[in-house]
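Overview (structure and organization)
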Amino acid sequence: SFYYGTFPAGFLWGVGSSAYQTEGAWDKDGKGPSIWDAFTHSKGKVLRNETGDSACDGYYRVKDDIQLLKELKVNHYLLSISWPRIMPTGIKAEQLNEKGIQFYNDTINSLLENNITPIVSLYHWDLPQVLQEKYGGWQNISMINYFNDYANLCFEKFGDRVKHWITFSNPWAVAEKGYETGEHAPGLKLGGCGAYKAAHHIIKTHAKVWHSYNTTWRREQRGMVGISLTSGWGEPVDPHSQTDRDAAERYIQFHLGWFANPIYRGDYPEVMKNYVGRKSAQQGLGTSRLPTFSVQEKTYIKGTSDFLGIGHFTTRYVLQKNFPFLQVSSYHTDHDLAELVDPNWPAPGPKWLYSVPWGFRRLLNFIKTQYGNPLIYVTENGMSETVQCPQLCDEWRIQYLKGYINEILKALNDGVNVKGYTAWSLLDKFEWNKGFSERFGLYHIDFKNKNKPQYPKASVDYYKKIISANGFPNPREVENWHRKAMDTCSATHQHLAADSLITHMEMVTEIVLPTVFTLCILISIVLLIFYLRNHS
């Protein structure tokens, strides 16, 4: 049932985005190439071979984006820094890019001038390509020191103003999609080993960066360093079946626990160690494909998070499924489970993203119980649509936001320590291997128009109301928000339609007029040749 009430005073409301998905300017002002530049420039990796070369042109449109943030009246903005934009090769000793550093300085200053708190992620997937080519990226332990140098540069240059740092955004996707399935950059399919190895190095890197901040910067800068982990919720198909309950537990541990357990409890989840170890032995391997932490490493890693960032989008029903002995190992067969969805769950966009708000409260309570009720910031939560034509009246996103934010309110009443919420995302943007076919933005961008104009969707108006009321005061008011949001979007849609028509006519004019002019000249030349021949 829906719960009417308000959030505690001081609860933070925000929106987020990431560098590669929005900035564009992929090779401008001294920026080095990232693994996503290399990946998208290779044909067949991304839907329709689209790239983030220009994306939303965010590198040139900081003022425009901040104007949107002011319209929303958010408290914070979650952004990421592009490692190769400030350190082109990824190696501090080789080269720093002052123009890149200045860009982020200007962005941070502009946010603060407008009373918007920057929450900054150091890594949202855009590893410098040089480090991938030279060392194999996150497969190589040398990344720990290179990333620590980069993080310390960021603390030095921006830490006097940035007080909320995220080391890694959704490292699960970095490891699993980058080094297991190859769906994401760098596109490696190192089945059964690659993801575990990448994750192992990322966890060690996170700990090193936290300790660097703790010993060198904390006393002076008084900020916080955390990590942002994205996980769905796994619900047992039959809650009375112990095997289904165990399978649902494994689902969470192989997603969230993989990273959270070492940070909060000092080691990988026991169930991961048991399952991957047993499968490795069945395959005749002398050691487990899941690496191990030494006693010293466990102590060093445990407790290295001042807050936990949580990204959450959807839920799955989970049941036990035994995979037969396979010579080819895989992360996806290691946990012996199958995922199901309820066909009645709303899924207005891509088929992976079902709206299941109740799963969020359960996930938040799981974190409270498992990890000692840590300070939580929700760092990513949102709904996308698959684009056929612009859809500004995004009724489904309003229902999604209303449902999921309400579950956070219920979780707060359960005693979960949630301090902020970040809607994902501010703008329609480049969605990795899906290109521009999926749109998470509260603001629509017309990518067909060279100026890339931005238009608010109905969800902008609705989210603004949630922020200004700090929750859901009463049924009548909340219903009124919905009606006003839908009215507003109808007018905006007419404006977009008119702009699109003008853009189309401009495109036609740009193509047709030169073509007609060229044809006229050609016809004139042909007629002139005939005329001269006849008179000679």
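Residues numbered from 1 in each chain as written. Predicted model: local features only at pLDDT ≥ 70, side-chain atom pairs only at ≥ 80, totals over all residues. Heavy atoms only, no water.

As recorded by an unreviewed UniProt entry, the chain carries the name Cytosolic beta-glucosidase and is attributed to Ploceus nigricollis.

**Looking at helix H11 (residues 270-282)**
In this model, H11 (13 residues) spans 18 Å end to end at C-alpha, consistent with the 18 Å of a helix rising 1.5 Å per residue. For H11, the set of buried residues is Met272, Tyr275, Val276, Lys279 and Ser280. Relative to the axis of H11, the buried residues are bounded by an arc of 130° and lie together on one face. Turned more than 90 degrees off the buried face of H11, the exposed positions are Glu270 and Ala281. Considering only its buried residues, H11 is in contact with helix H9 (194-221), helix H10 (242-265) and helix H13 (331-334). Count one or two residues on from H11 and you reach Gly284, which has phi positive near 80°. (Helix = DSSP H or I, 4+ residues; strand = E, 2+ residues; numbered from the N terminus. Expected span 1.5 Å × (residues − 1). Buried < 20%, exposed > 50% of the residue type's maximum accessible area, 1.4 Å probe, protein only. Arc of directions from axis to C-beta. Contact = heavy atoms within 4.5 Å.)

**Concerning the packing of H10 against helix H14 (residues 358-370)**
Running from N to C, H10 and H14 cross one another at 40°; their axes reach a closest spacing of 12 Å. One way to sum up the angle between H10 and H14 is to call them oblique. In this structure, the crossing between H10 and H14 has a hand that is right-handed. The segment H10 lies against H14, with Glu249, Ile252, Gln253, Leu256, Asn261 and Arg265 engaging Leu363, Phe366, Ile367 and Gln370. Residues of the contact of H10 with H14, tallied by class, amount to 5 nonpolar, 3 polar and 2 charged. (Axes fitted to C-alpha atoms, helices over the stretch in contact; angles between N-to-C directions. Parallel < 35°, antiparallel > 145°, perpendicular 65-115°, else oblique. Left-handed = near helix turned anticlockwise from the far one by under 90°. Nonpolar A, V, L, I, M, F, W, Y, C, P; charged D, E, K, R; others polar.)

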